[in-house]
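Here is what each chain is made of, one letter per residue.
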There are 2 protein chains.
Amino acid sequence: MSLISKTPPPPYYAVIFTSTRTVGDNGYDATANRMVELAEQQPGFLGAESAREELGITVSYWSDLESIKQWKANAEHLEAQKTGRNKWYQSFKVRISKVERDYGLG
Amino acid sequence: MSLISKTPPPPYYAVIFTSTRTVGDNGYDATANRMVELAEQQPGFLGAESAREELGITVSYWSDLESIKQWKANAEHLEAQKTGRNKWYQSFKVRISKVERDYGLG
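Conventions used here
- Residues numbered from 1 in each chain as written.
- Chains lettered and ligands numbered in written order.
- Predicted model: local features only at pLDDT ≥ 70, side-chain atom pairs only at ≥ 80, totals over all residues.
- Heavy atoms only, no water.
- Pairing = 2+ DSSP bridges.
- Helix = DSSP H or I, 4+ residues; strand = E, 2+ residues; numbered from the N terminus.
- Axes fitted to C-alpha atoms, helices over the stretch in contact; angles between N-to-C directions.
- Contact = heavy atoms within 4.5 Å.
- Buried area = accessible area lost by both parts, 1.4 Å probe.
- Salt bridge = Lys/Arg side-chain N within 4 Å of Asp/Glu carboxyl O.
- Polar contact = N/O pair within 3.5 Å; in protein donor to acceptor, adjacent residues only side chain to side chain.
- Buried < 20%, exposed > 50% of the residue type's maximum accessible area, 1.4 Å probe, protein only.
- Arc of directions from axis to C-beta.

Looking now at the sheet that holds strand β2 (residues 45-52) of chain B. Strand order in the open sheet formed by eight strands is β2(A)-β3(A)-β1(A)-β4(A)-β4(B)-β1(B)-β3(B)-β2(B), with antiparallel pairing between adjacent strands. Each end of this open sheet is capped by a strand with a single partner; those strands are β2 (45-52) of chain A together with β2 of chain B. When the angles between neighbouring strand axes are averaged without regard to direction, this sheet yields 25°. Looking at chain direction, β2 of chain B and strand β3 (residues 56-62) of chain B are connected through seven bridges and run antiparallel. For G47 of chain B, the partnering residue across the bridge sits in β3 of chain B and is Y61 of chain B. Lying on the sheet, helix α1 (residues 28-40) of chain B is in contact with β1 (12-21), β2, β3 and β4 (89-105) of chain B; it crosses β2 of chain B at an angle near 160°.

Each side of the interface is counted separately: chain B has 44 residues, and chain A has 44 residues. A buried area of about 4,000 Å², summed over both sides, lies between chain B and chain A, and 58% of it is on carbon and sulfur atoms. Broken down residue by residue, the surface that chain B buries against chain A is led by R95, Y103 and L105 of chain B, which jointly contribute 19%. Viewed at the interface, chain A and chain B are joined by four salt bridges. Linking E49 of chain B and R95 of chain A is a salt bridge whose minimum nitrogen-to-oxygen distance equals 3.1 Å. The tally of links from chain B across to chain A stands at 22 residue pairs in polar contact (both at pLDDT 80 or more). Of all the secondary-structure elements, those providing two or more residues to the side of chain B that touches chain A are β1, β2, β3, α2 (65-72) and β4 of chain B. Sorting elements by how many residues they give to the side of chain B that touches chain A places β4 of chain B first, with 17 residues.

So, about α2 of chain B. Residue and element names in this part refer to chain B. Buried within α2 we find S67, I68 and W71. All buried residues of α2 project into a common sector of 100° when viewed along the axis, lining one side. Looking at the buried side of α2, the elements it contacts are β1, α1, β3, α3 (75-88) and β4. N-cap assignment for α2: the residue whose side-chain oxygen lies 3.2 Å from the backbone N of E66 is D64.

Shown next, in the form of C-alpha cells:
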C-alpha cells in the first residue's frame, strides 16, 4: 500500500476514500489489511495507495466501473463496510472518479 | 487540509497527487503550506485533503479542467513544482480525474 501504484495509461478509475476514525482500534487494522489482500484478488484491481494522519486517504485504482461495483458487493467486504459505518469511522466520503490523464517523476 | 472536503454534487474534478519525499525538509513545509493558501484563492478550487506516512497523498478538488490548468500555470506554483522535481520529491504521480459519483457518512 505504501508505494505509488504502477497504473496503466488512462483511462481507468480511482476510488478516493477519505475518512476520520473513531477512538480505539476495535479490530480495524486487521480488517483493513485483509481488505487490501482481498481487493488485490479482485478482477480489474490495478493498485492502491494509502496514508493516514488526522485524515485517512486510501485511493484504489480499477480498470472499469463494473469491477468497482463487484468489489463493493463482495460478501466479506460488505461485512467490513457495515462495521465501518457502525464502529470504525466517525465520518467518510467515497468518490468514484475516472482518471483522464496522468504524469509523474521516478 | 485535515478534514473531509465539503464538495458540491458531482461532476467535479479531483487531482490525486501521490509522492515520496527525499530526506530533510529543505523548505518543503513552508512552501506546502503556502501552496494550500494560494490554491484556496484560485477560481474553481473546491477543497483539498492531505495525509502523509511513507507515502504522501494530497487530493485537491476543482470545478473544471480549466481551473486545474490555470492553477498548474500559476507563477508561484510553477516555481514550487520546479523545486519539487529537483529537490523535494523522490517520486510522484499526478492523476487528473473526473468525479462521477460520491456518497458518505457524517
